[in-house]
Amino acid sequence: MKLLVTGLFFCTLANVSAIIIRDDLDDSNYLVNDSDYPALVDLIERGDCIGTLVHEYYLLTVAHCAADLDLGDSLTVNGKQHSVADIILHPQWNQRRDEYDIALIRFTEPVRGVTPLPIYRGDNETGSLITLVGRGV
């Protein structure tokens, strides 16, 4: 529930700036190495769906991708395989891609050697700079 509230909070910010990609810079300026963000995990195949390690046991992702996983599937986190123990889809998600499209993936064993990207729980966003990193179809 806290994840949903946090996400909704960011959607309601009144004074925000746009995501800017400068047309005077080559697209390669916006590419990063996978090793720069080891907490980002491909779910299905590279470039399809991605999850973010938010706890040593949990990935945060979208329900429409998590629904394609099965218990026991293996996901690669920073070069090591981790088995899926549980797939937790938002209870109100009904395969509509625009409502409640959020999920958690729980691993059978904790991920070691990768620092999770914590869920922001603060309240001082004004004037802050954020970096959005992702990959997908």
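Each chain carries its own residue numbering, running from 1 in the direction its sequence is written. Predicted model: local features are reported for residues with pLDDT of at least 70 only, side-chain atom pairs are reported and counted for 80 or more only, and whole-chain, interface and lining totals are derived from all residues. Computation of side-chain values covers all heavy atoms of the structure but excludes hydrogens and water.

1. With respect to the state of the cysteines
Two cysteine sulfur atoms make up a disulfide if the distance between them is within 2.5 Å. Taken as a whole and judged by the stated rule, the model has one disulfide. Here C49 is linked by a disulfide to C65, with a sulfur-sulfur distance of 1.9 Å. Between C49 and C65, the S-S dihedral sits near -65 degrees, and the bridge is therefore left-handed. One end of the pair, C49, is in the loop between strand 1 (40-42) and strand 2 (50-55); the other, C65, is in helix 2 (residues 63-66), with 16 residues separating them in the sequence. Residue burial is assigned from relative accessible area. The probe radius is 1.4 Å, only protein chains are included, and a residue is buried under 20% of its type maximum, exposed over 50%, and partly exposed in between. Note on C49: relative accessible area 9%, which makes it buried. The numbering of helices and of strands both runs from the N terminus, where a helix is a DSSP run of H or I of at least 4 residues and a strand a run of E of at least 2.

2. Let's talk about the nonpolar core
Nonpolar cores are built from buried Ala, Val, Leu, Ile, Met, Phe, Trp, Tyr and Cys residues. Side-chain atoms within 4.5 Å join them into one set. Formed by 20 residues in total, the largest nonpolar core has its most connected members in L43, L53, L59, L75, I105 and F107. At the level of elements, helix 2, strand 4 (74-77), strand 5 (80-89) and strand 6 (103-107) are the ones that each hand at least two residues to this core. Throughout, a contact is declared for two residues whenever any of their heavy atoms are within 4.5 Å. Those residues within four positions of L53 in sequence are excluded, and the remaining contacts are A39, Y58, L59, F107, V111, V114, P116 and L117.

3. Quick look at the pattern of salt bridges
Criterion for a salt bridge: a side-chain nitrogen of Lys or Arg within 4 Å of a carboxyl oxygen of Asp or Glu. In the structure shown here, the tally under the stated rule is one salt bridge. For the salt bridge of R112 with E56, the shortest nitrogen-to-oxygen distance reads 2.7 Å. Residue R112 is located in the segment after strand 6, and its partner E56 is located in the loop between strand 2 and strand 3 (58-61); the two are separated by 56 residues in the primary sequence.

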